[in-house]
Amino acid sequence: MAIKFNLSDVVPSNARIEKAVLSLYSYQSYASLNNGAKNLYRITSNWDESRITYRSMPQVSSSSIASSNQTSTRVWEKFDVTSTIKSMVSGSQSNHGFLIRFPSYSRGVSMRSAQSDDERYRPKLVITIRDDNAPTVTLTSPTGGEKFKVGTEQFITWNAQDTKGIACRAIYLSTDNGSQYELIDSAKGNTGSYKWTVANKVSDECKVKVYVYDEAS
């Protein structure tokens with residue numbers, strides 16, 4: 001079985017990859033599994049999905065890069081491909097995909113492919129990326145000098161960006177020119193705006209502060 005995932009449009013070349021796991025769903029045994037050994041190899045040459053056959057398999061690495069000894073069927077078989085995916089993403093190795101081989105041709109299993117009618121059992125490549133980049137946020141309203149009447153509704157707005165998405169946000173108010181802040185609202189996600197009922201705290205030294213957090217906090 002040969003399989004390839006498109007990495008260039010998904011994982012940045014400078015991403016700090018912590019883990020990469022290839023999962024394949026094994027659903028049927030066509031001979032004795034014995035110890036269930038299956039070896040995963042890195043494909044080193046181009047191949048065409050519509051033309052590949054048992055006798056025209058692409059070239060592979062001289063040694064296996066991962067293995068599985070699962071003896072049961074109707075289970076996910078997992079292969080740790082962290083090192084290989086790091087090399088593919090960085091460009092030090094070409095991404096031609098992976099090939100599974102069995103030590104003995106007298107036994108093996110059938111695995112769900114990318115064409116499986118049930119999407120739940122199609123091959124999966126889960127890549128865990130370390131998030132070292134903090135999100136950025138810019139307050140767009142108020143911008144300074146506004147006068148708000150106690151009890152009226154005013155919009156606090158901001159722009160926020162992050163490489164992996166904003167997980168939550170928090171809004172703070174200071175009435176002493178930033179010496180102390182109090183939380184006025186927090187929520188999951190990033191709406192970019194908040195309808196605020198102006199608090200009954202009269203001051204001409206008010207400041208608003210917005211914090212946004214990514215999944216790595």
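Residues numbered from 1 in each chain as written. Predicted model: local features only at pLDDT ≥ 70, side-chain atom pairs only at ≥ 80, totals over all residues. Heavy atoms only, no water.

**Description of the nonpolar core**
Our working definition: Here, nonpolar core means buried Ala, Val, Leu, Ile, Met, Phe, Trp, Tyr and Cys residues that are tied together by side-chain atoms lying within 4.5 Å of each other. Throughout this description, buried means an accessible area under 20% of the type-specific maximum (1.4 Å probe, protein chains only), exposed means over 50%, and partly exposed covers the range between. Secondary structure follows DSSP: runs of H or I at least 4 residues long count as helices, runs of E at least 2 residues long count as strands, and numbering of each begins at the N terminus.
Core analysis: the largest hydrophobic core is formed by 21 residues, its most contacted members being Leu22, Leu40, Phe79, Val81, Ile85 and Phe98. Listed by contribution, the elements that provide at least two residues to this core are β2 (16-29), α1 (82-90), β6 (98-101) and β7 (109-111). Core analysis: the second largest hydrophobic core is formed by 12 residues, Trp158, Trp196, Val198 and Val208 among them.

**Quick word on the pairing of strand β13 (residues 193-197)**
What counts here: The pairing criterion for strands is at least two bridges between them, as found by DSSP.
With burial as the criterion, only one face of β13 is covered, namely that bearing Tyr194 and Trp196; the residues Ser193, Lys195 and Thr197 on the opposite face remain uncovered. Note that strand β10 (residues 153-161) and β13 share five bridges and pair antiparallel. Across the sheet, Glu153 pairs through a bridge with Thr197, a residue of β13.

**Comments concerning the pairing of strand β11 (residues 168-174)**
Within β11, six of the seven residues are buried, leaving the element largely enclosed by the surrounding structure. Bridge count for β11 against strand β12 (residues 182-188) is six bridges, and the pairing is antiparallel. For Ala170, the partnering residue across the bridge sits in β12 and is Ser186. Note: β11 against strand β14 (residues 207-213), seven bridges, orientation antiparallel. Within β14, the residue paired with Ser174 across the bridge is Lys207.

**Details of α1**
Each α-helix turn comprises 3.6 residues. Residues three or four places apart therefore point the same way. Basically, it comes down to this: For this analysis, residues touch if any pair of their heavy atoms sits within 4.5 Å.
Turning to α1, its buried residues are Thr82, Thr84, Ile85, Ser87, Met88 and Val89. Where α1 is buried, its residues contact β2, β3 (38-42), β5 (75-80), β6 and β8 (124-130).

**Observations concerning the sheet that holds β14**
To keep it simple, the criterion reads: Axes, fitted as lines to C-alpha atoms, cover a helix only where it is in contact. Angles between the N-to-C directions of the axes lie from 0 to 180 degrees.
Taken together, the three strands give an open sheet; going across it, the order is β12-β11-β14, and neighbouring strands pair in antiparallel fashion. The open sheet terminates on both sides in strands that have one partner only, identified here as β12 and β14. Recorded for the sheet is a direction-independent mean angle of 15° between the axes of neighbouring strands.

**Section: the pattern of salt bridges**
Quick reminder of the rule: Counted as salt bridges are all cases of a side-chain nitrogen of Lys or Arg within 4 Å of a carboxyl oxygen of Asp or Glu.
Inspection of the entire model under this criterion finds seven salt bridges. For Arg51, the salt bridge identified is with Asp48, shortest N-O distance 3.9 Å. Residue classification places Arg51 among the exposed positions, given a relative accessible area of 67%. Between Asp118 and Arg120 there is a salt bridge, with its nearest N and O atoms 2.7 Å apart. Residue class for Asp118 comes out partly exposed when judged on its relative accessible area of 27%.

**A look at the packing of aromatic side chains**
Each aromatic ring pair is characterised by the separation of its centres together with the angle its planes make. Applied cut-off: Pairs were defined over the aromatic rings of Phe, Tyr and Trp, the Trp ring being its six-membered one, requiring ring centres within 6.5 Å. Orientation was assigned from the angle between planes: stacked under 30 degrees, edge-to-face over 60, tilted for the rest. Only lysine NZ and arginine CZ atoms are considered, and such an atom sits over a ring when it is within 6 Å of the ring centre and within 35 degrees of the ring normal.
Counted under the stated rule, the structure contains five aromatic pairs. Taken together, a centroid distance of 5.4 Å and an interplanar angle of 70° make the contact between Tyr25 and Trp76 edge-to-face. With Tyr25 in strand β2 and Trp76 in strand β5, the pair connects residues that are 51 residues apart, well separated along the chain. Judged by its relative accessible area of 11%, Tyr25 is buried. Under the relative-accessibility criterion, Trp76 is labelled partly exposed at 24%. An aromatic cluster is defined as three or more aromatic residues linked by ring pairs; in this entry it consists of Tyr25, Trp76 and Tyr121. In this structure, Arg112 is placed above the aromatic ring of Tyr27, and the distance from its NZ or CZ to the ring centre is 3.8 Å. Cation over ring: Lys209 sits above Tyr172, and NZ or CZ is 5.9 Å from the ring centre.

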